[in-house]
Amino acid sequence: MYKLDPQSVEDFLKENKVEKVAIQAPEGIRPKVKELEDFFLSKDVEPIFLAKSCYGACDVADRDAVGLGCDALIHYGHSDMGLDTEVPTLYVEARMEVDPLDALEKALPELRGSVWGLVSTVQHVHFLSEVQEFLEEEEIESKIGEPGARAEYPGQILGCDWGSSDSVADEVDGFIYIGTGEFHPMGVALSTGSPVIAVNPVANNFERFDLDMDDFFQKRWALISSVQDAESIGVLVSTKEGQNRKGLAEELKVELEDEGYDAYILVFDDIIPSSLEDFQLDAFVNTACPRISFSDQESFRKPILSPFEVRVLCGSEDWEDYQLDEISV
Ligand code: SF4
């Protein structure tokens, strides 16, 4: 289902005279291990497959590649977010080849008479121009926003960067999200305050994503309130290069201590529920991937606040100015 660009890999291997390469890939691409191994061996390159987690380009494994004696890294699945790496690194985006127009056509009655912002993830973002042309033919106006700091393409959004939707939010009535899953349409709705039509090319359907803002804010407020009586709070930091906000964590630790909490900086690679439980603290603040505080909250037994929320707790931010956590580096 995914199209990976073998020519770009071949050119990269030649240009960099690669003999041994580390391969990093998210779960959806891992079943291709045999195909990839055959490909690299046919180019006289030894592939080393890294089996640790790989959630985004924030998690680039260049230091592992160096440690394994590889002279390059190939990171499959995600677009380059501009991180410096210690070895030549190629990002091979996973492009899904499923055309979204059938599913979009079903949504047309919902779309007429409004102006729409178009957003997608890297897997489907190459269809946005086609989607825009299709809408134009139906006399439906749409806009594609400029990418934020971590995205590569107009209209592309990430769970830590809503720049593409924010940049056109004032010019549209709502957004059309092309892709799968609920987290991204929820993020667009929260970040812009606009309705989102989620068009799923794989399921060939669409869903009006009416996020219950009241419900979301009530839950987040309840979480902050539940931390007020906490004594000990862990400030979570990830060692993943593009998730590492240690400076922010140190600032939050000071703010918490000034308010009388015992605060501890805890550094992880992957932040998973069982590793947090070992510390027996009352609550946590997450400075790693923003998704952990929101879509993963229910997997954790203790509250996990975002950096903004902990500042509301400490009184340095106003709840009325609520901001979704984003990473700008
Ligand atoms: S920080 Fe989270 S949302 Fe951003 S790219 Fe990494 S895994 Fe994705």
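Look up: the structure comes first, before these words.
Since this is a predicted model, take the numbers as computed values, not measurements.

**Focus on the overall build of the protein chain**
Within the protein chain, the secondary structure is distributed over 12 helices and 15 strands. Scaling as 2.2 N^0.38, a compact globule of 329 residues should have a C-alpha radius of gyration of about 20 Å, and the protein chain matches this with 21 Å. Taking the principal axes of its C-alpha atoms as reference, the protein chain extends roughly 60 × 55 × 25 Å. In the protein chain, which comprises 329 residues, the proportion classed as buried is 53%. A separation of at least 24 residues holds for 66% of the contacts in the protein chain among residues at least 6 apart in sequence. With an accessible surface of roughly 15200 Å², the protein chain has 45% of that area assigned to carbon and sulfur atoms. Distance between charge centres in the protein chain, computed from 26 positive and 68 negative side chains, equals 6 Å.

**Remarks on the side chain of Thr287**
Residue position: Thr287 is located in the loop between strand 14 (283–286) and helix 11 (291–294). Sequence-distant contacts of Thr287, defined by excluding residues within four places in its chain, comprise Val235, Leu236, Val237, Gln243, Arg245, Leu248, Ala249 and Leu252.

**Some words on helix 1 (residues 6–15)**
By the burial criterion, the buried members of helix 1 are Val9, Phe12 and Leu13. Projection of helix 1 onto a plane perpendicular to its axis shows the buried side chains occupying an angular sector of 100°, all on one side. Away from the buried face of helix 1 by more than 90 degrees, exposed residues Lys14 and Glu15 are located. On its buried face, helix 1 sits against helix 2 (33–42), strand 4 (72–77) and strand 5 (89–93). Capping the start of helix 1 is the job of one residue whose side-chain oxygen sits 3.2 Å from the backbone nitrogen of Gln7: Asp5. Trailing helix 1 by a residue or two, Lys17 shows a phi angle of about 45°, which is positive.

**Details of a negative patch on the surface**
Taken together, the side chains of Asp99, Asp102, Glu105, Glu130, Glu133, Glu136 and Glu137 make up a negatively charged region of the molecular surface. Put simply, the parts of the chain that give the negative patch at least two residues each are helix 4 (101–111) and helix 5 (128–137). The element that contributes the greatest number of residues to the negative patch is helix 5, accounting for 4 residues. On the secondary structure map, Glu105 appears in helix 4.

**Some words on the sheet that holds strand 12 (residues 232–238)**
Within a sheet, each strand pairs with its neighbour through backbone hydrogen bonds, oriented either parallel or antiparallel. Here 4 strands make up an open sheet; going across it, the order is 13-12-14-15 and the pairing parallel. Each edge of the open sheet carries a strand with a single partner, namely strand 13 (262–268) and strand 15 (304–305). With 2 bridges connecting them, strand 14 and strand 15 associate as parallel partners. Along strand 15, the bridge assignment pairs Phe284 with Ile304. Strands strand 12, strand 13 and strand 14 of the sheet are contacted by helix 9 (residues 246–258), whose axis makes an angle of about 160° with strand 13.

**Quick look at the pattern of salt bridges**
Going through the model one piece at a time under the given rule, you end up with 22 salt bridges. Put simply, Asp64 and Lys52 hold a salt bridge, and the shortest N to O gap is 2.9 Å. Linking Asp64 in helix 3 (residues 62–67) with Lys52 in the loop between strand 3 (46–50) and helix 3, this pair joins segments that are 12 residues apart in sequence. On the basis of relative accessibility, which here comes to 33%, the residue Lys52 falls in the partly exposed class.

How each quantity is defined
Think of each chain on its own: its residues are numbered from 1, step by step along the sequence as written. Restriction of local features to residues with pLDDT of at least 70 applies here, the model being predicted, together with a cutoff of 80 or more for giving and counting side-chain atom pairs; totals for whole chains, interfaces and linings are based on all residues. Only hydrogens and water are removed before side-chain values are computed, so all heavy atoms of the structure are retained for them. A run of H or I in DSSP becomes a helix once it reaches four residues, and a run of E becomes a strand once it reaches two; helices and strands are each numbered from the N terminus. Only C-alpha atoms enter the radius of gyration, while the globule expectation follows 2.2 Å times N to the 0.38, with N the number of residues. The rule is simple: take the accessible area with a 1.4 Å probe, protein chains only, and divide by the maximum for that residue type; under 20% is buried, over 50% is exposed, in between is partly exposed. We call two residues in contact whenever any of their non-hydrogen atoms come within 4.5 Å of each other. The Shrake-Rupley method, run with a 1.4 Å probe, gives the accessible areas here. Residue values count only the displayed protein chains as cover. Neither His nor the chain ends contribute to the count of charged residues, in which Lys and Arg are positive and Asp and Glu negative. By convention, the charge on Lys lies at NZ, on Arg at CZ, on Asp at CG and on Glu at CD. What the arc covers is the set of directions going from the helix axis to the C-beta atoms. Side-chain atoms alone can form a polar contact between residues adjacent in sequence; in general such a contact is a pair of N or O atoms within 3.5 Å, and within protein one must be able to donate a hydrogen while the other accepts it. Patch definition: residues above 30% relative accessible area lacking any salt bridge, with like charges linked at up to 9 Å and the nonpolar side chains Val, Leu, Ile, Met, Phe, Trp and Tyr linked at up to 5 Å. The salt bridge criterion pairs a side-chain nitrogen of Lys or Arg with a carboxyl oxygen of Asp or Glu, the two atoms within 4 Å. DSSP bridges decide pairing: two strands pair if at least two such bridges lie between them. To obtain each axis, a line is fitted to C-alpha atoms, and for helices this fit is confined to the stretch in contact; angles are then taken between N-to-C directions over 0 to 180 degrees.

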